[in-house]
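One-letter residues, chain by chain:
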Amino acid sequence: EIAQDGQLTITPRPVTITAASETFTYDGQSHSNDNYKVNNLVGEDELTAEVEGSITYPGSVPNKVVSHKFTTGDFRNYTVTYVDGTLKMEYGEQIAITIKAEDESWIYDGTAHSNAGVKITSGELLEGDVLEATASGSVTNVADNAKDNNTVNEGYRIMNGETDVTGKYAITVEAGTLTINPRPVTITAASE
C-alpha cells in the first residue's frame, strides 16, 4: 500500500454581532442605542463594532451594525454576520394641557373685530413641540357680546417640526370671549 498525505482544513468560525434593541417614550428628542452583543468568539479574541440608528417620533426603525474591527485575534479565523436591532418610540402617558382662545375687548367703532390667537393656559409642551391652533370669533356691535363667543377651530394640533405629535397630549379646549364696549357719547346743549 502507498501512504497518502491527508489535508487538514480550518474553516472560519461564524460570529454574530447583534445591535441592541430598545423602546423609548416620546419626549421630543432623538434617541439611539449604540450597544451590541457578540456571540461565538474564541478565547481572548475580541472585536469592537459601530452601531447606527436613531428615533425621534413614535414608530420603529432598525438599529444597524455598520462596521466592526478585531482588537485581538485574526479576523481571517471568523465569518462575521450582522443582525439588526430595533428602536421603538411610544407616546407613553399623555400630558394634560388646556388651550384657550384669546379674550379681547374693544370700544364700539362700527367695524368687525376678532382675535384668532390660541394659547396654552395649563400644562406644558415638551421641548420642540409647538401648538398650531386658531380661533374664529368676531364681534361688531355691543349686541354681539356673549360669553365664550371666540371658539377654537377644529384641526388644532401639536407639531414637532413636520411631524404631528398630538397623540402625546390630552387636550382640553376652552373658548375665549370677545367684547364690544359702548362708545361714550357726550351731548352738549347749544348755548347762545
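Scroll up a little and you will see the structure.
Cut-offs used in this document
- Residues numbered from 1 in each chain as written.
- Predicted model: local features only at pLDDT ≥ 70, side-chain atom pairs only at ≥ 80, totals over all residues.
- Heavy atoms only, no water.
- Helix = DSSP H or I, 4+ residues; strand = E, 2+ residues; numbered from the N terminus.
- Rg over C-alpha atoms; globule rule 2.2 N^0.38 Å.
- Contact = heavy atoms within 4.5 Å.
- Areas by Shrake-Rupley, 256 points an atom, 1.4 Å probe, with all protein chains shown as cover.
- Lys, Arg positive; Asp, Glu negative; His and termini not counted.
- Charge placed at Lys NZ, Arg CZ, Asp CG, Glu CD.
- Buried < 20%, exposed > 50% of the residue type's maximum accessible area, 1.4 Å probe, protein only.
- Salt bridge = Lys/Arg side-chain N within 4 Å of Asp/Glu carboxyl O.
- Polar contact = N/O pair within 3.5 Å; in protein donor to acceptor, adjacent residues only side chain to side chain.
- Core = buried A, V, L, I, M, F, W, Y, C linked by side-chain atoms within 4.5 Å.
- Pairing = 2+ DSSP bridges.
- Phe/Tyr/Trp six-rings, centres within 6.5 Å; stacked < 30°, edge-to-face > 60°.
- Lys NZ or Arg CZ within 6 Å of the ring centre and 35° of its normal.

(A) How the structure looks around the overall build of the protein chain. Counting its regular elements, the protein chain contains zero helices and 15 strands. A compact globule built from 192 residues should have a C-alpha radius of gyration of about 16 Å, whereas the protein chain, at 34 Å, is more than 25% larger. Once the C-alpha set of the protein chain is aligned to its principal axes, its extents read approximately 150 × 30 × 25 Å. Considering only contacts within the protein chain whose residues lie at least 6 apart along the sequence, 66% involve residues at least 24 apart. Summing over all exposed atoms, the protein chain offers an accessible surface of approximately 12,500 Å²; the carbon and sulfur share of this is 47%. In the protein chain, 12 positive and 29 negative side-chain charges are present, and the distance between their average locations comes to 2 Å.

(B) Highlighting the environment of Thr121. Its location among the elements puts Thr121 in strand S10 (residues 118–122). According to the relative accessible area criterion, Thr121 is partly exposed, its value standing at 39%. The sequence separation of Thr121 and Val173 amounts to 52 residues, and the corresponding C-alpha distance is 9.9 Å. Beyond its immediate chain neighbours, meaning those up to four positions away, Thr121 contacts Thr98, Lys100 and Glu174.

(C) Geometry of the pattern of salt bridges. The tally for this structure, following the rule as stated, stands at six salt bridges. Note that Arg76 is salt-bridged to Asp74, the shortest N-O span being 2.8 Å. Among the residues examined, Arg76 registers a relative accessible area of 61% and is labelled exposed. Of the charged contacts in the structure, one is a salt bridge between Glu102 and Lys119, with a shortest N-O distance of 3.7 Å. With a gap of 17 residues between them, Glu102 in the loop between strand S8 (95–101) and strand S9 (104–107) and Lys119 in strand S10 connect regions that are remote in the sequence. For Lys119, a relative accessible area of 40% gives the class partly exposed.

(D) Fine view of the side chain of Asp129. Take Asp129: it is sitting in the loop between S10 and strand S11 (130–132). At 2.6 Å, the side chain of Asp129 forms a polar contact with the side chain of Tyr169. When sequence neighbours within four positions are dropped, the list of residues in contact with Asp129 reads Tyr26, Ile158, Met159, Asn160, Val165 and Tyr169.

(E) Region of the structure containing the nonpolar core. The biggest cluster of nonpolar side chains holds 15 residues, and the ones touching the most others in it are Ile99, Val118 and Ile158. Of all the elements in the fold, those that place two or more residues in this core are strand S7 (85–90) and S8. When residues of this core are assigned to their parent elements, the largest contribution, three residues, is made by S8. Once residues lying within four places of it in the same chain are set aside, the contact partners of Val118 are Ile99, Lys100, Ala101, Glu102, Leu131, Ala133, Thr134, Ala135 and Val152. Core analysis: the next-biggest nonpolar cluster, separate from the first, contains nine residues, Val15, Leu47, Val51 and Phe70 among them.

(F) Region of interest: the pairing of S7. Residue alternation in S7 divides its side chains into a buried set, Gly85, Leu87 and Met89, and an unburied set, Thr86, Lys88 and Glu90. For strand S2 (residues 22–25) and S7, the ladder comprises four bridges, and the chain directions are parallel. In the strand pairing of S7, Phe24 is matched with Met89. Examined bridge by bridge, strand S5 (residues 59–72) and S7 share five bridges and lie antiparallel to one another. Bridging from a neighbouring strand, Asn63 pairs with Gly85 of S7.

(G) Region of interest: the packing of aromatic side chains. A complete count under the given rule lists three aromatic pairs for this structure. Centroid distance Phe70 to Tyr78: 5.2 Å. Interplanar angle 20 degrees. Geometry classified as stacked. Note on Phe70: relative accessible area 13%, which makes it buried. Classification of Tyr78 by relative accessible area gives buried; the value is 8%. Ring pairs connect the aromatic residues Tyr26, Tyr57 and Tyr91, which therefore count as one cluster. Sitting over the ring of Phe75, Arg76 keeps its end group 5.9 Å from the ring centre.

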